[in-house]
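# Notes for the structure review
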Amino acid sequence: MKNWALILAVASIGLASCSTQKEQPADDTAMESATPEPVGEDVQPQDATLENSDILPEGTDISELGLKTKKESCFWNGKQYSDGGVVCESSRSYKCWDGRWVAGNFCK
């Protein structure tokens, strides 16, 4: 009988501690601020004496370029950028697309 009383006492303490914990609501603003905005690196205009990847003509539709198969990196003034990298040159912005720069609206 004493064992049952002890078991019930321990069980009720455990249940009491579980029921006092309140669930915290998710903070939507913290989740939004955790998502980084796409920001490119500020660069100088391409210097012809340094290694540079081709810049596709203004208005090029990247959907017409076909699927990315190689995912090659790009170069801007001798610096290498991974596929998908963004650079901002003055008021223009470029994104590396399979080894070529595509003009777009990528910089903030």
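The notes below deal with the structure included here. Because the structure is a prediction, the values reported are computed rather than measured.

### Quick word on the overall build of the protein
- Scanning the protein from N- to C-terminus turns up 2 helices and 6 strands.
- Along the chain direction, N to C, the helices and strands of the protein fall in the order α-α-β-β-β-β-β-β.
- A total of 108 residues make up the protein; the buried ones form 19% of that total.
- Here the contacts in the protein between residues at least 6 apart in sequence split such that 53% fall between residues at least 24 apart.
- Here the protein has roughly 8,500 Å² of accessible surface; of this, 55% comes from carbon and sulfur atoms.

### Points about unusual backbone geometry
- At Ser90, a residue that is not glycine, the phi angle is positive and equals roughly 60°.
- Structurally, Ser90 is set in the loop between strand 4 (86–89) and strand 5 (92–97).

### Some details on the side chain of Ser93
- Structurally, Ser93 is set in strand 5.
- Here the side chain of Ser93 touches Gly104 through a polar contact of 2.5 Å, landing on its backbone oxygen.
- Ser93 has contacts with Val87, Cys88, Val102, Ala103, Gly104, Asn105, Phe106 and Cys107, leaving out every residue within four places of it along the chain.

### Examining the state of the cysteines
- Going through the model one piece at a time under the given rule, you end up with 1 disulfide.
- Covalently, Cys74 is tied to Cys96 through a disulfide, its sulfur atoms 2.1 Å apart. Taking the sign of the S-S torsion, about 85° here, the bridge from Cys74 to Cys96 comes out right-handed. One end of the pair, Cys74, is in strand 2 (residues 74–76); the other, Cys96, is in strand 5, with 22 residues separating them in the sequence.
- Classification of Cys74 as buried rests on a relative accessible area of 0%.
- What makes Cys96 buried here is its relative accessible area of 0%.

### With respect to the pairing of strand 6 (residues 100–104)
- The pairing of strand 5 with strand 6 spans 5 bridges and is antiparallel. Bridging from a neighbouring strand, Ser93 pairs with Gly104 of strand 6.
- What sits between the antiparallel neighbours strand 5 and strand 6 is a turn of 2 residues, in which Asp98 has the positive phi angle 55°.

### What to know about the pairing of strand 5
- Looking at chain direction, strand 4 and strand 5 are connected through 4 bridges and run antiparallel. Of the residues in strand 5, the one forming a bridge with Cys88 is Ser93.

### Some details on the environment of Val43
- Within the fold, Val43 resides in the loop between strand 1 (41–42) and strand 2.
- With relative accessibility at 13%, the residue Val43 sits in the buried group.
- Measuring from C-alpha to C-alpha, the distance between Val43 and Cys88 comes to 5.9 Å, with 45 residues separating the pair along the chain.
- Discounting chain neighbours no more than four positions away, the residues touching Val43 are Trp76, Tyr81, Val87, Cys88, Glu89 and Ser90.

Thresholds, definitions, all that
- Residues numbered from 1 in each chain as written.
- Predicted model: local features only at pLDDT ≥ 70, side-chain atom pairs only at ≥ 80, totals over all residues.
- Heavy atoms only, no water.
- Helix = DSSP H or I, 4+ residues; strand = E, 2+ residues; numbered from the N terminus.
- Buried < 20%, exposed > 50% of the residue type's maximum accessible area, 1.4 Å probe, protein only.
- Contact = heavy atoms within 4.5 Å.
- Areas by Shrake-Rupley, 256 points an atom, 1.4 Å probe, with all protein chains shown as cover.
- Polar contact = N/O pair within 3.5 Å; in protein donor to acceptor, adjacent residues only side chain to side chain.
- Disulfide = S-S within 2.5 Å.
- Pairing = 2+ DSSP bridges.

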